[in-house]
Number of protein chains: 2
Amino acid sequence: MAGAFGFKGCQKIRGPQIRSLLDAKDFFLFDCDGVIWNGEKAICGAAKVVSALIRRGKNVVFVTNNCTRPRDNYLHKFYRLGFTDVTLEQIFSSSYCSALYLRDVVKVRGQVFVVGCDGLRRELQQAGVAFVEEADDPEATIYDCVLAPGVKAVLVGHDNKLTFLKLAKASCYLKDPECLFLTTDNDPWHPLSGGRILPGSGSLTAALEVASGRKATVIGKPSRFMFECISTQFSGVDPAQCLMVGDRLETDMLFGSNCGLDTMLTLTGVSQIEEAQEYRNSELTANHSLVPDYVVDTIADFLPAFEELNEQSN
Amino acid sequence: MAGAFGFKGCQKIRGPQIRSLLDAKDFFLFDCDGVIWNGEKAICGAAKVVSALIRRGKNVVFVTNNCTRPRDNYLHKFYRLGFTDVTLEQIFSSSYCSALYLRDVVKVRGQVFVVGCDGLRRELQQAGVAFVEEADDPEATIYDCVLAPGVKAVLVGHDNKLTFLKLAKASCYLKDPECLFLTTDNDPWHPLSGGRILPGSGSLTAALEVASGRKATVIGKPSRFMFECISTQFSGVDPAQCLMVGDRLETDMLFGSNCGLDTMLTLTGVSQIEEAQEYRNSELTANHSLVPDYVVDTIADFLPAFEELNEQSN
């Protein structure tokens, strides 16, 4: 697939090219971590970019695999970091979409066992999806604990309170072939400050895949499902008019490819341009789906294009 | 590879054939769980078989991927369940062999970070291998906890006290490419009573492999290393004279194949004969290494052969 403005593959673009791209697209999908902020720090200029797009009548949505917060909590974060034009309807998180999937797609009947944070449970609750509530009993073991009846799905996400017992219970529920096995996302790890890393949902999912001998259905990027949620909410979304902007080749760029969107890698997060070039030069065709159409240093590179447009309209 | 007494592949053997096999082999390797006992219950007749072999001057060793107990604790279990002829030198566990590997093969300098039970740490201690000692601090997080300096290996085993923080710390240590990454074994799960299952070391290892982007070195079966430990301790072990008896195709039978040993599946544990036949009939050549040469219902099927031998010698 060739990008609209050049041969596909890591095209580093600037001023006029960015301006053409802004003219050509009317739907912008942004990943959050590493794209518009890093932790509690907004990427410099990102809030202005988002505001300018919205003011110009572009559709803007946020597509995040971060499943630790419910959407209303995200909205607070957007406000706190200066993204004051953002509304709840623009936020698509893997936890929100997991709740939609369970409620609307598979119409789960029975309880969901959650390996994940409170934010994930909160999304289920808001969607009216029943889940197993349990008190932490530090003395309980998989040998003698109670297993909840009627568990019809195991949903895995990032879980900073993971214990062996949770893993073991989930493994037991998954022995029932009628119990669904879902993961919010397959992100392997996330960067922390000081060079530390945080195992992601993909790490916990792998543990359960091995223990159960099953493969999880992935809700978040790079699976297409989040784009289906967006298309349901915003009728008439044309993939050809969309730009997916992200910082991770294996999730964001692949998600864009899977959904038929043009893709842009921003270098303020996890992936480096050299990795993208390696994928581009790879002999494995599958790797080409990980190659962004465009690359920018930061989404703040959009700003001069808006200024030009402003000057023209003055 | 053809077994000594027939075309290779799931040969169910009885009386006279077992007697010929007992005559032909002088070194018997037994897995423990599912072969000589299940949990705290000895397989009926297993203790007699072990005694009879030892009395007849056969070498008998126990090769277990169970890494939760130190060897002296295993010895108590052998006694408790009636295997009173067994000595410490006959017991090769994946935790013991992990300690040998760290001390004698890679000669680790620095501390080992253990994701595992106290039994695993005890083996390291007895081998003089230093490991990170840490108090459980329920308030600590990967964002603010102290990481130990000089960690030169992460060793993963079954860990019923696994927490997210342990996984996260291990992931951080593994960012250093000079930090070794070992697992006692890759067993995916273990059966519990009542149809429950216990995630195995392989499940936790998978979580860390995904989080670190690295592959762990496997110490236990099906890796050859445990057989190397046996060969070091018992000089002159001839693989052609060995019989590996186990209950799991993916670990025990593959271990035997990898080490050039004849293999016997006993049906008192995890794997079923149908699974072995599927592997035998598979078009994937690699699957043929999982096929046992011989199959018995239980190792108590050895007993009539001894009785015949007794009658002859009377």
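Residues numbered from 1 in each chain as written. Chains lettered and ligands numbered in written order. Predicted model: local features only at pLDDT ≥ 70, side-chain atom pairs only at ≥ 80, totals over all residues. Heavy atoms only, no water.

(A) Examining the domain arrangement of chain A more closely. Residue and element names in this part refer to chain A. As far as domains go, chain A holds domain 1 (11-65 + 222-313) and domain 2 (109-218). Measuring from the centre of the C-alpha atoms in domain 1 to the corresponding centre in domain 2 gives 30 Å. Each side of the interface is counted separately: domain 1 has five residues, and domain 2 has seven residues. Both sides together, the interface formed by domain 1 and domain 2 hides about 540 Å², and carbon and sulfur atoms give 49% of it. Broken down residue by residue, the surface that domain 1 buries against domain 2 is led by N65, R248 and V270, which jointly contribute 73%. (Domains from an automatic or database assignment. Contact = heavy atoms within 4.5 Å. Buried area = accessible area lost by both parts, 1.4 Å probe.)

(B) Inspection of the interface of chain B and chain A at higher detail. If you look at the interface, chain B gives 34 residues, while chain A gives 34 residues. Together chain B and chain A conceal approximately 2,700 Å² of surface at their shared face, both sides included; 69% is due to carbon and sulfur atoms. Area buried by chain B at its contact with chain A is led by B:F164, B:R196 and B:I197, which between them contribute 27% of it. At the surface where chain B touches chain A, the tally comes to zero salt bridges. At the junction of chain B and chain A, the tally comes to ten residue pairs in polar contact (both at pLDDT 80 or more). (Salt bridge = Lys/Arg side-chain N within 4 Å of Asp/Glu carboxyl O. Polar contact = N/O pair within 3.5 Å; in protein donor to acceptor, adjacent residues only side chain to side chain.)

(C) Summary view of the UniProt feature "active site" (unreviewed entry) in chain A. Residues and elements named next belong to chain A. UniProt feature "active site" (unreviewed entry): in the numbering of this structure it lies at D31 and D33. Along the polypeptide, D31 turns up in the loop between β2 (27-30) and β3 (37-38). Every residue in contact with D31, bar those within four places of it in the chain, is listed here: I36, V63, T64, K221, M244, V245, G246, D247 and D252. A distance of 2.9 Å separates the side chain of D31 from the side chain of K221, its partner in a polar contact. (UniProt positions renumbered as here; feature names shortened; annotations may be inferred. Helix = DSSP H or I, 4+ residues; strand = E, 2+ residues; numbered from the N terminus.)

(D) Structural context of the side chain of A:D293. Residue and element names in this part refer to chain A. The topology assignment puts D293 in the loop between α10 (273-281) and β15 (294-296). Since its relative accessible area comes to 1%, D293 is described here as buried. At 2.8 Å, the side chain of D293 and the backbone nitrogen of T263 are in polar contact. (Buried < 20%, exposed > 50% of the residue type's maximum accessible area, 1.4 Å probe, protein only.)

(E) Highlighting the pattern of salt bridges. Residues and elements named next belong to chain B. What the rule picks out here adds up to 25 salt bridges over all chains. The closest approach of N and O atoms between E40 and K77, which form a salt bridge, is 4.0 Å. Taken together, the residues E40 in the loop between β3 (37-38) and β4 (41-42) and K77 in helix α3 (residues 71-80) connect sequence positions 37 residues apart. Since its relative accessible area comes to 44%, E40 is described here as partly exposed. E40 is the partner of R80 in a salt bridge, and the nearest nitrogen-oxygen pair spans 2.8 Å. Taken together, the residues span a long stretch of sequence, with R80 in helix α3 and E40 in the loop between β3 and β4 at a distance of 40 residues. Via salt bridges that share partners, E40, R69, K77 and R80 belong to a single interconnected network.

(F) Focus on the environment of A:Q11. Locating A:Q11 in the fold gives a position in strand β1 (residues 11-12). The spacing of A:Q11 and A:D26 is 15 residues in sequence and 20 Å in space, taken between C-alpha atoms.

(G) Local environment of the relation of the copies chain B and chain A. When chain B is fitted to chain A, the residual RMSD is 0.0 Å, and the transformation amounts to a turn of 180° plus an axial shift of 0.0 Å. Here the transformation between the copies is reduced to the relation of a two-fold axis. When you check the interface residues of chain B against chain A, 100% turn up at the interface there too, and the contact is symmetric in its surfaces. (Least-squares fit on C-alpha atoms with pLDDT ≥ 70 in both.)

(H) Here's a closer look at the nonpolar core. A:V154, B:V154 and B:L208 are the most contacted members of the largest nonpolar core, which has 54 residues in total. Other than its neighbours up to four places away in sequence, B:V154 contacts B:F113, B:A170, B:Y173, B:L174, B:C179, B:L180, B:F181, B:L182 and B:L208. (Core = buried A, V, L, I, M, F, W, Y, C linked by side-chain atoms within 4.5 Å.)

(I) Structural detail: the layout of surface pockets. Taken as a whole, the second largest pocket encloses approximately 260 Å³ of empty space. Lining the second largest pocket are 16 residues, and of these A:V210, B:N186, B:D187, B:P188 and B:E250 sit closest to its centre. Top contributing element to the lining of the second largest pocket by residue count: helix α7 (residues 201-212) of chain B, with four residues. Residue composition of the lining of the second largest pocket, by class: five nonpolar, five polar and six charged. Of the residues that make up the lining of the second largest pocket, three or more belong to each of domain 1 (11-65 + 222-313) and domain 2 (109-218) of chain B. (1 Å grid on protein atoms, 1.4 Å probe; cavity = no way out; pocket = protein on both sides within 12 Å on 5 of 7 lines; lining within 4 Å. Points joined across faces, edges and corners; volume = space filled by probe spheres on them. Nonpolar A, V, L, I, M, F, W, Y, C, P; charged D, E, K, R; others polar.)

(J) Local environment of helix α10 (residues 273-281) of chain B. Residue and element names in this part refer to chain B. Every buried residue belonging to α10 is among I273, A276 and Y279, and all of these are buried. Seen from one end, α10 has its buried residues packed into an arc of 120°, which puts them on one side. Those residues of α10 that are exposed and aimed more than 90 degrees away from the buried face are E278 and N281. Looking at the buried positions of α10, the neighbouring elements they touch are β1 (11-12), α9 (249-259), β14 (262-266) and β15 (294-296). (Arc of directions from axis to C-beta.)

(K) Local environment of the sheet that holds strand β7 (residues 111-115) of chain B. All names here are of chain B. Strand order across the open sheet formed by four strands is β7-β8-β9-β12, with parallel pairing between neighbours. Looking at which strands have only one partner, the edges of the open sheet turn out to be β7 and β12 (217-218). With five bridges joining them, β7 and strand β8 (residues 151-156) adopt parallel strand pairing. Among the inter-strand pairings, V114 is bridged to a residue of β8, identified as L155. Contacting β7 and β8, helix α6 (residues 164-173) runs over the sheet at an angle of about 145° to β7. Most of the contacts of α7 go to strand β9 (residues 180-183), to which it runs at about 155°, and overall it touches β7, β8 and β9. (Pairing = 2+ DSSP bridges. Axes fitted to C-alpha atoms, helices over the stretch in contact; angles between N-to-C directions.)

(L) Quick look at the UniProt feature "binding site: Mg(2+)" (unreviewed entry) in chain A. Residue and element names in this part refer to chain A. In the numbering used here, UniProt assigns the "binding site: Mg(2+)" (unreviewed entry) feature to D31, D33 and D247. These annotated residues cover 217 residues of sequence, but their C-alpha atoms sit close together, with the largest distance between any two at 8.1 Å. Structurally, D33 can be placed in the loop between β2 and β3. Ignoring anything within four residues of it in the chain, the contact list for D33 reads G39, T64, N66 and D247.

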